[in-house]
Amino acid sequence: MLTIGSRGSALALWQASWVRERLEALGEACRIRIIKTTGDKITGVPLAKVGGKGLFTKEIEDALLAGRIDLAVHSLKDLPTELPAGLAIAAVPEREDARDAVVGRPLKDLPGGAKVGTSSLRRTAQLRAARPDLVVEPVRGNLDTRLRKLAQGQYDALVLAAAGLLRLGWQDRIAECLPLEVMCPAVGQGALAVETRATGGAKRVCRKLDHAETRAAVEAERALLARLGGGCQVPIGAHGRVRGGALELMAVVASPDGSRIIRRSLTGPVAEARRVGRELGGLLLKSGGRVILEQVYGAALRAPKI
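Along each chain, numbering runs from 1 in the same order as the chain's sequence is written. pLDDT decides what is reported in this predicted model: residues at 70 or higher carry local features, side-chain atom pairs at 80 or more are listed and counted, and totals for whole chains, interfaces and linings draw on all residues regardless. Here the side-chain values reflect all heavy atoms present in the structure, with hydrogen atoms and water set aside.

Draft legend 1. Expanded view of the sheet that holds strand E8 (residues 157–161). By definition, two strands form a pair when at least two bridges between them are found by DSSP. By the criteria applied, helices consist of DSSP H or I runs no shorter than four residues and strands consist of E runs no shorter than two, each listed in order from the N terminus. On the basis of which strands lie adjacent, the open sheet formed by five strands has the order E7-E6-E8-E5-E9 and mixed pairing. Where the open sheet ends on each side, the last strands, each with one partner, are strand E7 (135–137) and strand E9 (174–177). Averaged over neighbouring strand pairs, the angle between their axes works out to 30 degrees when direction is ignored. Of the strand pairs in this sheet, strand E5 (residues 100–103) and E9 are connected by three bridges, and their pairing is antiparallel. The residue of E9 that forms the bridge with Val103 is Ile174. Any two residues having at least one pair of non-hydrogen atoms within 4.5 Å are treated as being in contact. For every element, the axis is a line fit to its C-alpha atoms; helices are fit only across the contacting stretch, and the angle between N-to-C directions ranges from 0 to 180 degrees. Here helix H6 (residues 143–151) sits on the sheet in contact with E5 and E8, set at roughly 160 degrees to E8.

So this is what it looks like as structure tokens:
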């Protein structure tokens, strides 16, 4: 019997159940264990102000290392680029839509002064660049909570990951999916990570759920993020995809007020996904990304030297 560790939100449980069903189809009996994380306990403060890495993963990874669970299912965008010693990403299943979605009304239909909810620095910066006349305010909570706040009139629109809405069958809530050129997604957005101990039977079984093209794309994105020295709550976006046998990677670094957005892209061999990510990260730093990131986080960010 394999024990799957998961957060307790509706989306997290959907994701864990999705993995369980596929493992059971391979003949593995599974059960889900809910684990509350630090990020789940902090509901009144924007995550960007909390700081730190692994807000939604540390307690689950601790349980994995202690042997209380055999695997964990994460939204890949929540997983720090450096894993604890002894753990590995055994599988990255095929990705759902990586784009950000507007719930409420399409961006172009929102009047000046409309209140848009998001707690992401990345989304905030790109929203302000696209529509500087909007009022962007933080919103916390799981999908249910955020949608309830929208229905109560606390916001005129929300920007959320399309993947979560699609997975829960709430595609009718989406007013529009924003083009990648307008809203570059978070690193790993739309993808799942199946994390296990670095050795053992659980890893061998879970590897069967891996999707090679998605794995290459997110490895490039995560290598880029590591090169920039950032975590999941920094004003950085990246999106990779395999097309025509090549890996295409685009990325942005944005100032929080949206006044400056640096966009760059790079194409390279699929087999060299991590190198492509590191190279594009270096290009962003040289093009002004280092200055933006140091302004946001100060010299303590310690971005890698070029």
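Draft legend 2. Local environment of the side chain of Arg123. With respect to the helices and strands, the residue Arg123 is situated in helix H5 (residues 121–130). Excluding anything up to four places from it in sequence, Arg123 contacts Asp100, Thr118, Val159, Leu160, Ala161, Met183 and Gln189.

Draft legend 3. Spatial organisation of the pattern of salt bridges. Counted as salt bridges are all cases of a side-chain nitrogen of Lys or Arg within 4 Å of a carboxyl oxygen of Asp or Glu. Within this structure, the stated rule accounts for 19 salt bridges. We note a salt bridge from Asp97 to Arg99, for which the minimum N-O separation is 2.8 Å. Ionic pairing is found between Arg122 and Asp100, a salt bridge with its closest N-O pair at 2.9 Å. In this pair, Arg122 sits in helix H5 while Asp100 sits in strand E5, placing the two residues 22 residues apart along the sequence. For the residue pair Arg122 and Asp100, the accessibility class agrees, reading buried in each case. Through salt bridges with shared partners, one network takes in Asp210, Arg215, Glu219 and Arg274. Accessibility here uses a 1.4 Å probe with only protein chains present; expressed as a share of the type maximum, an area under 20% marks a residue as buried, one over 50% as exposed, and anything in between as partly exposed.

Draft legend 4. Geometry of the sheet that holds strand E13 (residues 261–269). Strand order in the open sheet made by the three strands is E11-E12-E13, with antiparallel pairing throughout. Two strands lie at the open edges of the sheet, namely strand E11 (236–243) and E13, each paired on one side alone. Each strand axis lies, on average, 15 degrees off the axis of its neighbour in the sheet, ignoring direction. As paired strands, E11 and strand E12 (residues 246–254) are joined by eight bridges and run antiparallel to one another. Across the sheet, Arg243 pairs through a bridge with Ala246, a residue of E12. Against the sheet, H5 makes contact with E11, E12 and E13, and its axis sits at roughly 115 degrees relative to E13, the strand it touches most. Set on the sheet, helix H9 (residues 212–228) makes contact with E11 and E12; between it and E11 the angle comes to about 150 degrees.

Draft legend 5. Geometry of the packing of aromatic side chains. Pairs were defined over the aromatic rings of Phe, Tyr and Trp, the Trp ring being its six-membered one, requiring ring centres within 6.5 Å. Orientation was assigned from the angle between planes: stacked under 30 degrees, edge-to-face over 60, tilted for the rest. In this structure the tally under the stated criterion is zero aromatic pairs. A ring is considered to have a charge above it if a Lys NZ or an Arg CZ atom is located within 6 Å of its centre and within 35 degrees of its normal. In this structure, Arg173 packs its charged tip against the face of Trp170, placed 5.4 Å from the ring centre.

Draft legend 6. Just the state of the cysteines, in detail. Here, two cysteine sulfur atoms that lie within 2.5 Å of each other are counted as a disulfide. One pass over the structure, following the stated rule, counts zero disulfides. Lacking any disulfide linkage, Cys177 is separated from the closest cysteine sulfur, that of Cys184, by 15 Å. No disulfide involves Cys206; its sulfur sits 7.8 Å from the nearest other cysteine sulfur, which is in Cys30. Residue Cys206 is classed as buried on the basis of its relative accessible area, which comes to 0%.

Draft legend 7. Spotlight on the pairing of E13. Where E12 meets E13, nine bridges bridge the pair, whose relative direction is antiparallel. Its bridge partner being in E13, Met250 is matched across the sheet by Ser265. Once E12 ends, the chain turns through six residues before running back antiparallel as E13, passing Gly258 with a positive phi of about 75 degrees.

Draft legend 8. View of H9. To estimate the expected span of a helix, subtract one from its residue number and multiply by 1.5 Å. The terminal C-alpha atoms of H9, which comprises 17 residues, lie 25 Å apart, in line with the 24 Å expected from a rise of 1.5 Å per residue. When you tally the buried positions in H9, you get 13 out of 17 residues, the bulk of the element. Positioned one or two residues after H9, Gly229 has a phi angle of 75 degrees, which is positive.

Draft legend 9. Region of the structure containing the nonpolar core. Nonpolar core, defined: a set of buried Ala, Val, Leu, Ile, Met, Phe, Trp, Tyr and Cys residues in which side-chain atoms within 4.5 Å join the residues together. With 22 residues, the main nonpolar core has Leu224, Leu228, Ile236, Val253 and Leu284 as its most contacted residues. Of all the secondary-structure elements, those providing two or more residues to this core are H9, E11, E12 and helix H10 (273–297). If one sorts the elements of this core by residue count, H10 sits on top with seven residues. Residues in contact with Leu224, not counting those within four places in the same chain, are Ile236, Ala238, Leu249, Ala251, Gly277, Arg278, Leu280, Gly281 and Leu284.

Draft legend 10. Broad picture of the confidence of the model for the protein chain. On a scale of 0 to 100, pLDDT captures the predictor's confidence in every residue. The predicted model of the protein chain has a mean per-residue pLDDT of 92, with 92% of residues at 70 or higher. Within the model, pLDDT remains below 50 along residues 299–306, and this stretch shows 21 contacts once partners closer than five positions in the same chain are excluded.

Draft legend 11. Region of the structure containing the layout of surface pockets. By volume, the second largest pocket amounts to about 310 Å³. Lining of the second largest pocket is provided by Thr81, Leu83, Ile89, Val92, Arg215, Val218, Glu219, Arg222, Ala223, Ala226, Arg274 and Arg278. With six residues, H9 is the single largest residue contributor to the lining of the second largest pocket. Just so you know the grouping, Ala, Val, Leu, Ile, Met, Phe, Trp, Tyr, Cys and Pro go in nonpolar, Asp, Glu, Lys and Arg go in charged, and all remaining residues, Gly too, go in polar. Residues of the lining of the second largest pocket, tallied by class, amount to six nonpolar, one polar and five charged. Here a cavity denotes a set of grid points, spaced 1 Å apart and computed over the protein atoms alone, in which a 1.4 Å probe fits but from which it cannot get out, and a pocket denotes an open set meeting protein on both sides within 12 Å along at least five of seven lines; residues with an atom within 4 Å of a point are reported as lining. Grid points are joined across faces, edges and corners, and a volume is the space filled by probe spheres set on the points.

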